[in-house]
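Structural description and commentary
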Amino acid sequence: MRLYKKEGSTIQIISFPSERVNKGDYLVIADSSTGKGIIVQVVEIQYANIPGFLEELLRSCNDDYSIQGEDVDPFEMSNHIRYIQDAHLLICKIRAVYSNKGPVFASSLLPSRSRAKIKKISTERLFAQKKPNIKYLANLGETTEKNQLEVDIRALDGSLNIITGKKGTGKSHISKLLTLSLVSQGAPVVILDLNSEYTGLGQDSDGKPNRFHKQIHILTPGHNLKVTLKQLKLGVMTSILVNALNLPGTSAREFRRIWRFLEQNGNLTMQDLGSAIKSWKCNQHVRDALFSRYYTILGSGLFTDDPMQAISLEDSLKKSRVGGAVVIDLRDTSTIDRLIVVEYVLGKIVELLSRWKLKAIFLFAEEAHLYLRETYWDDIVTRMRHFGVFTTFITNQPDTIRENIYRQADNLFLFNFTNEHDLETISRASKVDAETIKSIAHDLPLHHCVVLGNIVNDFPIVVKVRKLDVYAKGHTRLFFSSKTNFREVIQQ
Amino acid sequence: MVNAQLPITTPPKYNFPLPSMHAENLQLPKQFVELSLRSLKKLENTQQMSKRNSENSSLINENSKIDFPRLIRLKPNQTSTPVMAIDVSSIKIGETETGLLLAIRGAIIWKHANRYQYLRIGPFPFHIYEENKNLISSILRNHSQLAQFQDFTIPNSFYIQSRLTAIFERWIQTSINQITNNSLILFDGSLASGSFEHSLESITQMLRTARSNQNIILAFSKMTRLVFRGQRLTDLILKHPPPCLLKMANYFTNTRLTHFFGSVYVAKLSGANYAFRLDIDNAIPEIKAIEAVKKLLGNDLILQSYPETLRLAHIYSTFTAAEVLGIQRWISQEADLRIITKPNLRRLLFGRFGKGPEG
């Protein structure tokens with residue numbers, strides 16, 4: 001490999017066919033004269049612009065009229081000619097400049113073109129300066145040079161993370177991997193599961209309980225996720241009414257009065273709430289507004305007056321304090337009910353965190369735009385983060401996540417995207433330059449992702465996400481699938 | 001005799017089309033390969049190279065007694081006849097501290113079943129420096145039968161390029177002539193002897209072989225400075241509808257040093273406004289020569305008045321920039337020779353106005 005050109009933070013390197021370099025690989029350009037070097041990452045591989053190559057192609061073009069023949073090459077020069085013709089141009093981005101003091105994130109060094117030695121550098125050596133604590137290691141999978149990528153899971157602590165990629169590329173898979181890594185390190189995780197994909201986390205691929213079985217708590221609203229009004233704080237209920245059900249301010253004020261009245265009388269039940277609204281002295285419009293919300297809440301199935309049926313989310317979260325995941329299964333929940341449930345869960349989490357009942361929590365939110373109200377986005381990255389809610393957004397529609405979320409994301413797990421618009425959206429992430437994202441993400445194979453951010457010491461790494469021995473749920477139901485026997489399904 | 005000295009054993013004759021024409025049927029001139037290898041051995045002492053201006057023998061001959069050109073109209077003859085073309089290219093690969101590096105390659109193109117096929121021979125690298133110049137010259141002299149010329153002197157390094165190229169080209173031409181019959185063989189250039197590159201004996205022998213094998217050699221010159229009454233020969237024909245020939249009778253007279261083996265024609269073979277000088281063996285009857293051109297029209301694609309086989313032969317022998325780089329790599333890795341970049345004095349002295357060759 002030979003150093004060819006440097007423009008800003010971009011380095012161009014000529015490589016020859018015998019030197020196998022892949023997109024995403026790291027190279028070190030060592031200048032022995034200065035004892036310094038540059039660590040670069042290959043973000044694009046092009047054909048080297050060999051002069052006269054067009055003439056070469058035109059001469060040997062392969063069509064119906066192509067000319068066939070034989071070459072007598074007594075000196076075997078054709079190999080050398082092919083070597084030149086197949087030369088590649090590697091477009092690389094400078095990731096760090098290193099010296100005796102270790103790597104520094106800069107791009108100011110200009111190594112000697114004639115003396116610089118270029119060679120590949122493994123991720124192990126890349127991380128050698130900042131070795132992760134063995135206790136907190138999480139294996140994400142295999143790098144392009146077939147080494148295992150082990151990261152310090154603590155990098156997710158206090159972080160805002162985004163997992164994004166095209167449908168079916170493996171987003172949920174890495175999300176499960178991160179969840180189980182956090183759980184095994186004793187971290188509490190809450191998953192807002194839109195398609196029941198995480199409900200098999202406690203089982204192995206055969207459906208048998210795995211080592212996480214007791215740490216995974218699946219809560220389905222209306223079934224095993226029911227609460228009494230007494231378990232609820234007025235603030236959480238008001239949030240549900242105002243934010244999820246758009247209750248106007250005047251009506252909300254009346255509702256607070258009703259709530260306090262019932263609370264004082266010890267009658268805080270759904271039945272009494274309905275009666276109170278009915279008999280409450282107020283404007284008819286306010287009464288109608290309260291009634292319509294009351295029936296929506298009643299219909300959600302989330303609330304019950306029977307303390308035996310009620311399950312405390314608080315208890316489930318407390319169980320997860322030493323490592324566990326609470327999966328809120330939202331699959332069979334209607335849009336409105338979903339908003340109510342999420343409002344309740346988030347309200348409860350903030351309440352527990354603010355009372356220091358919980359230290360911190362890792363929240364995994366799949367396709368959050370389907371259940372997260374507008375104002376929550378800013379709340380999550382600013383206020384809730386300070387309370388200790390560290391969110392990971394998972395989406396296949398990157399434009400549903402706001403630009404400021406990308407800018408503030410600490411870690412990005414990026415799977416394949418081919419759509420230019422999607423890539424443009426993601427390229428706003430501040431952790432890496434737009435060119436790297438656009439070029440690498442565009443060519444990522446299935447189940448491969450590029451990991452960016454603190455978790456990889458700001459060295460973007462392409463990784464083939466390792467397989468998990470968990471029961472895969474949430475498969476798309478297919479009409480032509482031979483595996484699906486509808487009669488059996490109906491009988492079940 | 002040139003052909004006798006070239007290490008070619010005559011393979012069994014077979015009629016073209018040549019689907020089975022392979023490299024094994026053409027034995028490489030061993031001396032040529034050995035010469036190439038020997039030339040690449042490193043020198044210990046460097047000596048200053050002497051340069052001589054290349055001598056350019058002019059073929060311009062405006063003879064006031066020559067007959068007025070005769071127009072011959074042509075009609076393509078579709079009778080299936082193999083068409084073959086030969087061309088050789090050489091290129092300066094670079095300079096070393098002691099001399100010059102060259103590469104030579106030849107290409108043979110033939111048309112079979114409406115498809116063109118090729119056989120490429122080379123590249124052959126050469127390192128020409130002061131010490132091996134004499135050796136190369138003596139080998140070339142043996143091959144070229146130059147002993148008959150008393151004014152022969154050792155050529156300068158740069159001039160050797162064209163001589164090596166010509167020797168190699170003549171070897172390919174002779175070999176093809178020997179292994180084919182009833183074919184049209186297209187050459188690039190003229191059928192004249194006199195220069196070092198084209199000796200009388202070698203051309204005589206080659207044409208004799210061609211006649212005995214029922215081959216007809218058609219030599220096309222892209223560049224000609226021949227004029228008739230102040231007008232370029234190739235311009236005379238442009239007003240006539242194609243395909244046609246202009247026969248230039250008695251245009252050349254042989255001298256002690258130069259012998260013309262070909263009847264000279266100006267050929268306009270297709271619609272485009274291009275015309276070329278065409279030499280056809282003057283020992284064959286004119287009717288047969290014209291019939292050969294008609295067969296060429298009927299058997300080969302003619303674009304811009306030039307036969308496609310000959311055009312392809314040129315394209316396939318020519319070196320591209322990538323090939324030059326590949327050869328340079330071979331030279332530095334396999335022959336352990338260091339290619340140096342000498343400063344262009346013209347550029348240094350005259351800047352942007354320093355056009356022309358280096359030095």
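The rules behind the values
- Residues numbered from 1 in each chain as written.
- Chains lettered and ligands numbered in written order.
- Predicted model: local features only at pLDDT ≥ 70, side-chain atom pairs only at ≥ 80, totals over all residues.
- Heavy atoms only, no water.
- Helix = DSSP H or I, 4+ residues; strand = E, 2+ residues; numbered from the N terminus.
- Buried < 20%, exposed > 50% of the residue type's maximum accessible area, 1.4 Å probe, protein only.
- Contact = heavy atoms within 4.5 Å.
- Areas by Shrake-Rupley, 256 points an atom, 1.4 Å probe, with all protein chains shown as cover.
- Pairing = 2+ DSSP bridges.
- Axes fitted to C-alpha atoms, helices over the stretch in contact; angles between N-to-C directions.
- Salt bridge = Lys/Arg side-chain N within 4 Å of Asp/Glu carboxyl O.
- Buried area = accessible area lost by both parts, 1.4 Å probe.
- Polar contact = N/O pair within 3.5 Å; in protein donor to acceptor, adjacent residues only side chain to side chain.

Regarding its fold elements, chain A presents 16 helices and 19 strands. Residues counted as buried form 53% of the 492 residues belonging to chain A. For chain A, contacts bridging at least 24 residues in sequence account for 73% of all contacts bridging at least 6. Total accessible area on chain A is roughly 23900 Å²; 49% of this is exposed by carbon and sulfur atoms.

Turning our eyes to something else, we now look at the sheet that holds strand 4 (residues 115-129) of chain B. The strand order across the open sheet built from ten strands is 5(A)-4(B)-3(B)-2(B)-5(B)-7(B)-13(B)-12(B)-10(B)-1(B), with neighbouring strands paired in mixed fashion. Bordering the open sheet on either side are strand 5 (68-72) of chain A together with strand 1 (70-73) of chain B, each of which pairs with just one other strand. Along the sheet, successive strands turn relative to each other by an average axial angle of 25°, direction set aside. As defined by bridge partners, strand 5 of chain A adjoins strand 4 of chain B across five bridges and the pair is classed as parallel. Bridging across to strand 4 of chain B, Gln68(A) finds its partner in Gln117(B).

This part covers the pattern of salt bridges. Oppositely charged side chains can form a pair if their charged atoms are brought close together. Taken as a whole, this structure holds 25 salt bridges over all chains when the rule is applied. Linking Asp332(A) and Arg331(A) is a salt bridge whose minimum nitrogen-to-oxygen distance equals 3.7 Å. For the salt bridge of Glu97(B) with Arg338(B), the shortest nitrogen-to-oxygen distance reads 3.2 Å. In this pair, Glu97(B) is assigned in the loop between strand 2 (83-95) and strand 3 (99-112) and Arg338(B) in the loop between helix 9 (321-334) and helix 10 (345-350), connecting sequence segments 241 residues apart.

What follows concerns the interface of chain A and chain B. Taken together, the contacts link 25 residues of chain A with 36 residues of chain B. Counting the surface lost from both chain A and chain B, the interface buries some 2700 Å², and carbon and sulfur atoms represent 61% of this. Linking chain A with chain B are one salt bridge. Between Arg120(B) and Asp71(A) there is a salt bridge, with the nearest N and O atoms lying 2.7 Å from each other. The interface formed by chain A and chain B contains eleven residue pairs in polar contact (both at pLDDT 80 or more).

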